[in-house]
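Remarks on the overall topology
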Amino acid sequence: MRLLVTGGAGFIGSNFVHHVLSTHTDDEVVTLDALTYAGSKTNLTGVLDNPRHKFIEGDIRDRELVTNLVDDVDAVINFAAESHVDRSIEGAKPFVSTNVQGTQTLLDAANEAGIDRFLQISTDEVYGQVLDGTFSEDDPLNPRNPYAATKAGADLLANSFHTTHDIPVVITRTSNNFGPRQHAEKLIPKFIQNAAAGESLPVYGDGSNVREWIYVEDNCRALDLVLREGNIGEVYNIGSHSEKTNLEVTEAILDAVGASDDLIKFVEDRAGHDQRYALDTDKIEALGWEPQYSFEDALERTVDYYLN
Ligand code: NAD
């Protein structure tokens, strides 16, 4: 298979590129990434010289470039996005531009080229918060922050291109990822580095917000499975059922790094902070996937990665 991976120099995209090249030895990958503050070619160390891999620095909103690249592949996997909720609260414009218009540009190019698969990488945040129970793929979208709203917009757009233009779209919605190659602005890498440096760990509100944490390698295996075996026109939730409050995650990090709980500093809560996300994962499990890493094992590997 020839794949165009957008946003492949970011956290999950780069882990996915490494995963595909090592597990599918006939596949060829083109990585397209604008190298914003969040992307880095360092994340692709080890595959930059691989003859089956090509890196292109460029923007998913550049129609001419995207048209040329989509013409030469079988599938598009769209990871490229502005991804940090706090930044979207400070200013939503780049989020609308990349997450919505960028996706539209890719869909237009895919429509013209005629491809076998368009995998749109989305998030559990599009459903909004759930205080009890879990969200299934059929639940209505109710995004509550600008980042999530633009991701929901991209999902709806992708689905509409499937319905009206017959583009072979599949959408995945994954819970919070952690693991190697994540930008230091995100909770787990930031807290590991702060704990190791003896700096405070700023926990929003009272730390009771719950997230479902999945190790990035488990997510990449699920995305790869959906890419190859998921049903066209469908959505797949991907989650680990490993629910933790932010305070529990913070304490686990302090414990793993060997730092004191005194470093915990409660700070003013994020505006509109969703209380809890949780996913029903029956559909992805029916394809034969389950997570391989417990939260504890994955955190140990992640701490090792950031400290070494
Ligand atoms: P990230 O911020 O680490 O990476 C995003 C990448 O996209 C970066 O390399 C950046 O340079 C690139 N990019 C941004 N704008 C671009 C543009 N206009 N053109 C080309 N490239 C551009 O994000 P991530 O955490 O790896 O998330 C990847 C995808 O997965 C996103 O779509 C995100 O919504 C989704 N997602 C993330 C999580 C998570 O926990 N991190 C969970 C569920 C879904």
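All figures in this text were calculated on a predicted structure; none of them were measured in a lab.

For the rest of this paragraph, the subject is the environment of His-273. Turning to its location among the elements, His-273 is positioned in the loop between strand 12 (264-267) and helix 9 (282-286). Sequence spacing of His-273 and Asn-209 is 64 residues, and the spatial spacing of their C-alpha atoms is 8.0 Å. Apart from residues lying up to four places away in sequence, His-273 is in contact with Gln-129, Arg-144, Tyr-204, Asn-209, Arg-211 and Asn-246. Here Arg-211 takes part through its side chain, which lies 3.4 Å from a polar atom of the side chain of His-273.

Quick look at the environment of Asp-206 now. Turning to its location among the elements, Asp-206 is positioned in the loop between strand 8 (201-204) and strand 9 (210-215). Accessibility expressed as a relative area gives 52% for Asp-206, which makes it exposed. Placed 40 residues apart in sequence, Asp-206 and Asn-246 show a C-alpha to C-alpha distance of 8.8 Å. Sequence-distant contacts of Asp-206, defined by excluding residues within four places in its chain, comprise Leu-247 and Phe-266.

With that settled, consider the site of the ligand. Near the ligand you find 29 residues, and of these Ile-12, Asp-33, Ser-83, Tyr-147 and Lys-151 are the closest. At a separation of 3.0 Å, a nitrogen atom of the ligand approaches a polar backbone atom of Ile-60. With respect to the ligand, the backbone of Asn-177 contributes an N or O atom lying 2.9 Å from an oxygen atom. Considering the ligand on its own, with 840 Å² of exposed area, one finds that the protein chains cover 96% of that surface. When contributions to the shell around the ligand are tallied by element, the ones reaching two or more residues are helix 1 (11-23), strand 5 (117-123), helix 5 (146-165) and strand 7 (176-178). Of the residues forming the shell around the ligand, the biggest block, three residues, is contributed by strand 5. Looking at the shell around the ligand, its residues break down into 12 nonpolar, 13 polar and four charged.

The strands making up a sheet are joined through hydrogen bonds of the backbone, oriented either antiparallel or parallel. Read from one edge of the open sheet, seven strands run 3-2-1-4-5-6-10, paired in parallel fashion. Sheet topology places strand 3 (53-57) and strand 10 (235-238) at the edges, where each strand pairs with a single neighbour. Each strand axis lies, on average, 20° off the axis of its neighbour in the sheet, ignoring direction. In the sheet, strand 6 (residues 169-174) pairs with strand 10 via four bridges, with the strands oriented parallel.

It is worth spelling out the UniProt feature "domain: NAD(P)-binding" (unreviewed entry) in the chain at this point. Here the UniProt-annotated "domain: NAD(P)-binding" (unreviewed entry) positions come out as residues 4-301. Along residues 4-301 one finds 40% helix and 18% strand; the C-alpha atoms at either end are 29 Å apart.

Quick look at the side chain of Asn-237 now. Mapped onto the secondary structure, Asn-237 falls in strand 10. Separated by 3.1 Å, the side chain of Asn-237 and the backbone oxygen of Asp-280 make a polar contact. If we ignore the near neighbours within four places in the chain, the residues touching Asn-237 are Tyr-127, Phe-135, Ser-136, Glu-137, Arg-173, Leu-279, Asp-280, Thr-281 and Ile-284.

Definitions and cut-offs
Residues numbered from 1 in each chain as written. Predicted model: local features only at pLDDT ≥ 70, side-chain atom pairs only at ≥ 80, totals over all residues. Heavy atoms only, no water. Helix = DSSP H or I, 4+ residues; strand = E, 2+ residues; numbered from the N terminus. Contact = heavy atoms within 4.5 Å. Polar contact = N/O pair within 3.5 Å; in protein donor to acceptor, adjacent residues only side chain to side chain. Buried < 20%, exposed > 50% of the residue type's maximum accessible area, 1.4 Å probe, protein only. Near = heavy atom within 4 Å. Areas by Shrake-Rupley, 256 points an atom, 1.4 Å probe, with all protein chains shown as cover. Nonpolar A, V, L, I, M, F, W, Y, C, P; charged D, E, K, R; others polar. Pairing = 2+ DSSP bridges. Axes fitted to C-alpha atoms, helices over the stretch in contact; angles between N-to-C directions. UniProt positions renumbered as here; feature names shortened; annotations may be inferred.

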